[in-house]
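Listed below, chain by chain, are the residues.
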Amino acid sequence: MSAELRVGAERLDPRDAVFVYDETDRHLSNVVAVYIADASGREPLTRDEVLDWARASIGHAALFHRTLRRAPLDLDLPSWVPDPGLSVREHVVLDRPGDGSWAAARARIAEITAARMDLTRPPWEIHVLDGVDGVPSLPGPATVIVLKFHHSAGDGMATRALESKLFGTDPAPAIRLDPASSLHAAVRTTGAFLAAPLRFVGGLRRAAAAGEELRELVEAGTIHEPVALRPATRFNRDVHAALIFHLLPIPMAEVLAAKAAAPYRVTVNDLMLTTIAGALAAYLAERGETPDGSLAAMVPMSMRGVADWDSANQLTQMIVDLHTDLADPAERLAAIKRSASRAKERTANPVVLRGDRRVETAPALLLRAAGWARAQRRFDDAATVPLCNTTISNVPPVTDSLVFLGRPIRRVVGSLPILDGDGLRHLITSQGDEIVIAVTTDAAMMPDPDHYGDLLVWSFRELAAALGRDVPAPAS
């Protein structure tokens, strides 16, 4: 018997529904993965080739066959329902960007990242940009594949599993759609609305008890809470210009050499956080905008294996002090390592996890109201911002065996949409012999992303050189 993918109706977990309720034109919930394939010696692709590939591949995941259905008046959480009318042609695009240059491709990727998704149809797109020349580290022509889907369907970590199927060799299973029952949905919505107050009160009591335990742990110095407010920078304003997408590759051999030179154990992530901190501090200093105090980053942390969540999104927001007020890169690395370690310990603490479960009992109407309230915040005149100034996301290494229509995929990166208050974001990927920092920002906030790329290289090499000195280990 051949394998079969059954796609039925499924109610969203509250953690996933937040991405629906929080989304506005200025706060997008897009996940965008970019695959750069070597097209040397290959003929230009045809639309039929790309569509045939897509039809043969979309059986690998339910997200390609479901659309979002919101409950009447948002009395219950939204649901995924099978879409029997799916047209692959409406989701898959073959394009040659502009003049076929890498600059034109980057501009097209930025446009795709910054476009809001239509949630009245299955929320995914695949854009194939063929005949792209001048991709760094790729001598010949390239084919760029952009996979985009809504964050409510999954997170960036889940993309790793999906891409291994889309660009692997295993055939996709057959698809079976189980029709959704309107009567069942109506009964469930009514039941959820009536039961929500009791569940919410119980959740509040458990969260309050966890909060009291947390205060005791903080007072004892067992847990370190993040600083509530950080000084606002030019990157913490409302978004007013087009999104810019820029890549900065760093040779993996240099990163591993710096890691080995450290007199104490550091991770690649510690090195990248310190590199970005140095570049960010230098960029602001050049403009006479050094903030009065250290900046911080939101660093997504996977909860897989840490917490038992039923959601498609298994990430939480970890806040890490970047110690941009420290001039010496070795001292900054030690401080960031300590701050990252404390943030991880806090995030994984059972007491914190119990408190964070309050979202699981929040009624749909409350989640929607919270999303609306967040959308009303403005940042242009703010002196401070809550918790963090930038996003730095690091996803697991990518396999080297991915192939698209006979074209080996040489580089996998991501593109994060920017939003009001967070106009500079970084996504770090590693594959083969390099690490790539993908930077997305507002063209008005950073009109010179190439220079910021130069500063990232300078910051990394300054750090690598400093690690050759006899530097002290970080304090506990």
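Residues numbered from 1 in each chain as written. Predicted model: local features only at pLDDT ≥ 70, side-chain atom pairs only at ≥ 80, totals over all residues. Heavy atoms only, no water.

A. Main features of helix 4 (residues 156–166). Along helix 4, the residues classified as buried are Thr159, Arg160, Leu162, Glu163 and Leu166. Looking at the packing, one finds that the buried side of helix 4 touches strand 3 (30–38), helix 2 (47–57), strand 8 (142–150) and strand 17 (407–414). The opening residue of helix 4 is Asp155, an N-cap whose side-chain oxygen sits 3.1 Å from the backbone nitrogen of Met157. (Buried < 20%, exposed > 50% of the residue type's maximum accessible area, 1.4 Å probe, protein only. Helix = DSSP H or I, 4+ residues; strand = E, 2+ residues; numbered from the N terminus. Contact = heavy atoms within 4.5 Å. Polar contact = N/O pair within 3.5 Å; in protein donor to acceptor, adjacent residues only side chain to side chain.)

B. Geometry of the sheet that holds strand 15 (residues 390–394). What the 6 strands build is an open sheet, ordered 11-19-18-15-12-13; its pairing is mixed. Both edges of this open sheet fall to strand 11 (243–251) and strand 13 (315–321), since each of them pairs with a single strand only. On average, adjacent strands in this sheet sit at an angle of 25 degrees to one another, irrespective of strand direction. Where strand 12 (residues 296–302) lies against strand 15, 2 bridges are found, and the strand directions are parallel. Opposite Ala297, over in strand 15, you have Thr390 as the bridge partner. Helix-sheet contacts for helix 6 (residues 252–261) involve strand 11, strand 18 (424–431) and strand 19 (434–442), and the interaxial angle to strand 11 is about 65 degrees. (Pairing = 2+ DSSP bridges. Axes fitted to C-alpha atoms, helices over the stretch in contact; angles between N-to-C directions.)

C. A look at the packing of helix 7 (residues 268–286) against helix 11 (residues 449–466). One can describe the packing of helix 7 onto helix 11 by two numbers: an axis separation of 8 Å at closest approach and a directional angle of 125 degrees. It follows from the interaxial angle that helix 7 and helix 11 lie oblique. For the crossing formed where helix 7 meets helix 11, the hand is right-handed. On the side of helix 7, the interface is formed by Leu271, Met272, Thr274, Thr275, Ile276, Gly278, Ala279, Leu280, Ala282, Tyr283 and Glu286, while helix 11 contributes His451, Tyr452, Leu455, Leu456, Trp458, Ser459, Phe460 and Leu463. Split into classes, the residues belonging to the contact of helix 7 with helix 11 amount to 13 nonpolar, 5 polar and 1 charged. (Parallel < 35°, antiparallel > 145°, perpendicular 65-115°, else oblique. Left-handed = near helix turned anticlockwise from the far one by under 90°. Nonpolar A, V, L, I, M, F, W, Y, C, P; charged D, E, K, R; others polar.)

D. Fine view of the nonpolar core. With 45 residues, the main nonpolar core has Phe235, Leu271, Met272, Ile437, Tyr452 and Leu456 as its most contacted residues. Judged by nonpolar contacts, the second largest core, of 42 residues, contains Tyr21, Leu77, Leu162 and Phe167. (Core = buried A, V, L, I, M, F, W, Y, C linked by side-chain atoms within 4.5 Å.)

E. A look at the domain arrangement of the chain. Per the domain assignment, the segments of the chain are domain 1 (9–172 + 180–189) and domain 2 (199–398 + 415–468). Contact residues are listed per partner, giving 37 residues for domain 1 and 38 residues for domain 2. In total, domain 1 and domain 2 occlude about 3200 Å² of area from one another, counting both sides; carbon and sulfur atoms represent 58% of this. The largest contributions to the domain 1 side of the interface with domain 2 come from Arg15, Arg26 and Met157, which together make up 24% of the buried area. Along the contact surface separating domain 1 from domain 2 lie 5 salt bridges. Among the ionic pairs, Asp22 bridges to Arg374, the shortest N-O distance being 2.7 Å. (Domains from an automatic or database assignment. Buried area = accessible area lost by both parts, 1.4 Å probe. Salt bridge = Lys/Arg side-chain N within 4 Å of Asp/Glu carboxyl O.)

F. Spotlight on the pairing of strand 3. The buried fraction of strand 3 amounts to 9 of the 9 residues, a majority that puts the element mostly inside the structure. Along strand 3, one buried face is formed by Asn30, Val32, Val34, Ile36 and Asp38 and the opposite face, lined by Val31, Ala33, Tyr35 and Ala37, is buried too. Sheet analysis places strand 3 next to strand 8, joined by 9 bridges and oriented antiparallel. Paired with Val34 across the two strands is Val146, which belongs to strand 8.

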